[in-house]
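Residues per chain are reported as follows:
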Amino acid sequence: GYKAETGGRLVELRDITAQRIRDYHTQFYRPENLAVLVSGQVKIEELLKSLTPVIESIKNHGPAQWKQPFKKPFREEIEFPKSNVKKEIDFPGEDETKGGIVKFAWHGPKCEDMLTDYAYGTLLKYLTYESVAPFVKEFVDKEPAFCGGVGGGNNLQWYSRYQISFRNVNIDQLDSRDIEKEVM
């Protein structure tokens, strides 16, 4: 899935077999999982005419497994946390009073709901982008500054995930401020 190393982790690469690679290709390199990207100036009629024999060849010469229904990977329903999850990860540094990262993240709609995704993206941009953004004014510009920078973003996957990130956080303020309450 999206959390996997795309190049493979060394421990798995050392143990992988040729048969495992063949099985993976047979399972996922199928017509139903194929995408064709075309860029540049092309005539659609000529493109379709040239692709038709290729598509027919793929359909007629594929493994027997292609005849079975294909279940797209990573499309199953996700079980979301029942409550907020707060996790602290210590990472040693030369000066442990600053340089921290605080993130707030949440799941959004399925990828088909592009209007809601766009609305969330617009809200994140409003809250975090440029010096006039409310979160920049509240967490970066005020003295003492909670952090050196704030940003927002999203990952559009089967379900969207949105996050607000505070960078170069003054760690001492984590004990004296309720940042979760201030953000929410």
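Going by the structure above, here's the rest.
Our subject in this report is the structure included herewith. The model shown is predicted, which means the values in this text are computed figures rather than measured ones.

Where helix α4 (residues 114–128) meets helix α5 (residues 134–141), the closest approach of the two axes is 4 Å, and the angle between their N-to-C directions is 40°. Comparing the axis directions of α4 and α5 gives the class oblique. The segment α4 lies against α5, with Y126, L127 and T128 engaging P134, F135 and V136. The residue inventory of the contact of α4 with α5, partitioned by class, reads five nonpolar, one polar and no charged.

As a further point, take the side chain of S160. Note on placement: S160 falls in strand β3 (residues 159–169). Given the relative accessible area of 0%, S160 is considered buried. At 3.4 Å, the side chain of S160 forms a polar contact with the side chain of Y162.

Across all of its chains, the model carries nine aromatic pairs by this definition. Their ring planes at 25° and their centres at 6.4 Å tell us that F135 and F166 sit as a pair that is stacked. With F135 in helix α5 and F166 in strand β3, this residue pair connects regions lying 31 residues apart in the sequence. No difference in accessibility class separates F135 from F166, as the two residues are buried. Three or more aromatic residues joined by ring pairs make a cluster, and in this case those are F104, F135, F139, F146 and F166. Of note, K125 hangs over the ring of Y129, and the distance from its end group to the ring centre comes to 5.1 Å.

This structure, assessed with the given rule, holds two salt bridges. In this structure, the salt-bridge partner of K142 is E138, at a minimum N-O distance of 3.0 Å. In this structure E138 comes out as partly exposed when scored by relative accessible area, which is 29%. A salt bridge links R177 to E182, with the shortest nitrogen-to-oxygen separation between them at 2.7 Å.

Once that is clear, we can look at the pairing of β3. β3 sits mainly inside the fold: eight of its 11 residues count as buried. By the bridge criterion, eight bridges tie strand β1 (residues 100–110) to β3 in an arrangement that is antiparallel. Bridging from a neighbouring strand, K110 pairs with Y159 of β3. Note that strand β2 (residues 149–156) and β3 share eight bridges and pair antiparallel. The partner of V150 across the bridge, within β3, is F166. Linking two consecutive strands that pair antiparallel, namely β2 and β3, is a turn of two residues.

Across the sheet, which stays open at both edges, the three strands sit in the order β1-β3-β2 with antiparallel pairing between neighbours. Looking at strand neighbours, the two that pair on one side only are β1 and β2, the edges of this open sheet. Each strand axis lies, on average, 15° off the axis of its neighbour in the sheet, ignoring direction. Across the sheet, α4 touches β1, β2 and β3, and the angle it forms with β3 is around 10°. Sitting on the sheet, α5 touches β2 and β3, and the angle it makes with β2 is about 135°.

A cis amide bond, omega -5°, links E143 with the succeeding residue P144. In this structure, P144 sits in the loop between α5 and β2. For E130, which is not glycine, the phi dihedral falls at a positive 75°. The exposure class of E130 is partly exposed, given its relative accessible area of 49%.

Thresholds, definitions, all that
Residues numbered from 1 in each chain as written. Predicted model: local features only at pLDDT ≥ 70, side-chain atom pairs only at ≥ 80, totals over all residues. Heavy atoms only, no water. Axes fitted to C-alpha atoms, helices over the stretch in contact; angles between N-to-C directions. Helix = DSSP H or I, 4+ residues; strand = E, 2+ residues; numbered from the N terminus. Parallel < 35°, antiparallel > 145°, perpendicular 65-115°, else oblique. Contact = heavy atoms within 4.5 Å. Nonpolar A, V, L, I, M, F, W, Y, C, P; charged D, E, K, R; others polar. Buried < 20%, exposed > 50% of the residue type's maximum accessible area, 1.4 Å probe, protein only. Polar contact = N/O pair within 3.5 Å; in protein donor to acceptor, adjacent residues only side chain to side chain. Phe/Tyr/Trp six-rings, centres within 6.5 Å; stacked < 30°, edge-to-face > 60°. Lys NZ or Arg CZ within 6 Å of the ring centre and 35° of its normal. Salt bridge = Lys/Arg side-chain N within 4 Å of Asp/Glu carboxyl O. Pairing = 2+ DSSP bridges.

Structural measurements only, silent on function.
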